[in-house]
Amino acid sequence: MKKYNVAVVGATGLVGQEMKKTLEQRNFPVNKIRLLASERSEGKKLKFRGKSVEVEVLDENSFKGIDYALFSIGTELSKQFSPVAAKSGAIVIDNSNAFRMNKDVPLVVPEVNPDAAFEHKGIIANPNCSTIQMVVAIYPLHLEVGIKRIVVSTYQSVSGWGKEAVEQLKEETKRLVAAGFSPAGSGRDCSAMVLPYQIAFNLFPHIDKFEENGYTKEEMKMVNETRKIMNEPQMPITATCVRVPVFISHSEAVNIETEEKLTPDEARKILSKAPGIVVIDDPANSKYPLPIDAAGKDAVYVGRIREDKSIPHGLNLWIVSDNLRKGAALNAVQIAELLIKN
Ligand SMILES: NC(=O)c1ccc[n+]([C@@H]2O[C@H](COP(=O)([O-])OP(=O)(O)OC[C@H]3O[C@@H](n4cnc5c(N)ncnc54)[C@H](OP(=O)(O)O)[C@@H]3O)[C@@H](O)[C@H]2O)c1
């Protein structure tokens, strides 16, 4: 079997570490692995398949001989280095927002639009984490009865904002517990603060920057990326994205209005057979997807499937998935797997 030289760019980050783990767990045919990060991580040693690999500093020469470059270093650095990697012959799979809406860059979720991956010109974009889990869950229903409109509210974990946000939640929680939860003992002065407000024992409807239209960038990513991936450029979609004090896994309350009627039972049957989905929907026994159960797992979990009785054809769904796995690393590795199979 052919083996490939793979670079993990941002290897010390939350997504980068999950990429490395996913390559190992799925037995991706890796010949050589190159782990790239900033000067802060130079010389650090990380394990890959039991062997110690030194982290190298990302620069213009990092991609010689690389077949696949899995990027997770943020938008500005991706804009700078993805074209360099592609020019030196690597196929880039980029996790940032840099190229997702670029007409020449496919935006791929293998369960939804695998064919798009083959149209790449050197760079393929991995969608936003909250978009990926939603489209995996609703696309099989769209194929069956046609979705007319989507209304989504998200409950997104702190790991979606990187390792510093995880530290912020840890530090604030320790501080507030030590202060006996007194209202004055707020976590606001936390030195690890990268989120706009205290997140421990709090939440806020603010993920990424606000745009002039009143929505956040994260909300508009869900709208625009869903339309691109599902090839439905006019589909009405509205999103509210909320950061919650959960470490891993995003949850979403999704309402869909459909062209034709679909009962909750029919939806459960369709989703139970669909790729990448696990249905957990037994309200009588209080069984529904939870972020703590989804963390570390590959699937997109769907539950609380019920009729929206306020419109003729509508369903409500509760969708939960690990944002670092299917929302980032796993989706990227699955794209690389698609390409090497053909
Ligand atoms: N977290 C998620 O759920 C998620 C999901 C989908 C997409 N993404 C996207 O993936 C990207 C990374 O997210 P993350 O959560 O993994 O962030 P993170 O935990 O903060 O990690 C950032 C990574 O980027 C590296 N880096 C920072 N500055 C660098 C520089 N100047 N040169 C080289 N490397 C540099 C860091 O290296 P050092 O350790 O050396 O600083 C680290 O490896 C972002 O674009 C994010 O939007 C994240």
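Figured I'd write up the structure that's included with this text.

Thresholds, definitions, all that
- Residues numbered from 1 in each chain as written.
- Predicted model: local features only at pLDDT ≥ 70, side-chain atom pairs only at ≥ 80, totals over all residues.
- Heavy atoms only, no water.
- 1 Å grid on protein atoms, 1.4 Å probe; cavity = no way out; pocket = protein on both sides within 12 Å on 5 of 7 lines; lining within 4 Å.
- Points joined across faces, edges and corners; volume = space filled by probe spheres on them.
- Helix = DSSP H or I, 4+ residues; strand = E, 2+ residues; numbered from the N terminus.
- Nonpolar A, V, L, I, M, F, W, Y, C, P; charged D, E, K, R; others polar.
- Contact = heavy atoms within 4.5 Å.

1. Things to note about the layout of surface pockets
(1) Moving on: Roughly 1400 Å³ of internal volume is contained in the largest pocket.
(2) Moving on: Along its surface, the largest pocket is lined by 47 residues, and S72, I73, G74, T75 and G162 are the ones closest to its centre.
(3) Moving on: Those elements that place two or more of their residues in the lining of the largest pocket are helix 1 (14-25), helix 2 (75-87), helix 4 (163-178), helix 5 (217-229) and helix 8 (325-341).
(4) Moving on: The dominant element in the lining of the largest pocket, judged by the number of residues it contributes, is helix 2, at 5 residues.
(5) Moving on: Across the lining of the largest pocket, the residue classes tally to 15 nonpolar, 19 polar and 13 charged.

2. Concerning the environment of A69
(1) Moving on: Within the element layout of this structure, A69 appears in strand 5 (residues 68-71).
(2) Moving on: It is 23 Å that separates the C-alpha atoms of A69 and S130, two residues lying 61 residues apart in sequence.
(3) Moving on: Each residue touching A69, except ones within four places of it in the same chain, is listed here: A7, F63, A85, A90, I91, V92 and I93.

3. Focus on the environment of V279
(1) Moving on: As for its position among the elements, V279 is in strand 11 (residues 277-279).
(2) Moving on: The spacing of V279 and S153 is 126 residues in sequence and 20 Å in space, taken between C-alpha atoms.
(3) Moving on: For V279, the residues in contact, after removing those within four places along its chain, are R268, L271, S272, V302 and I305.

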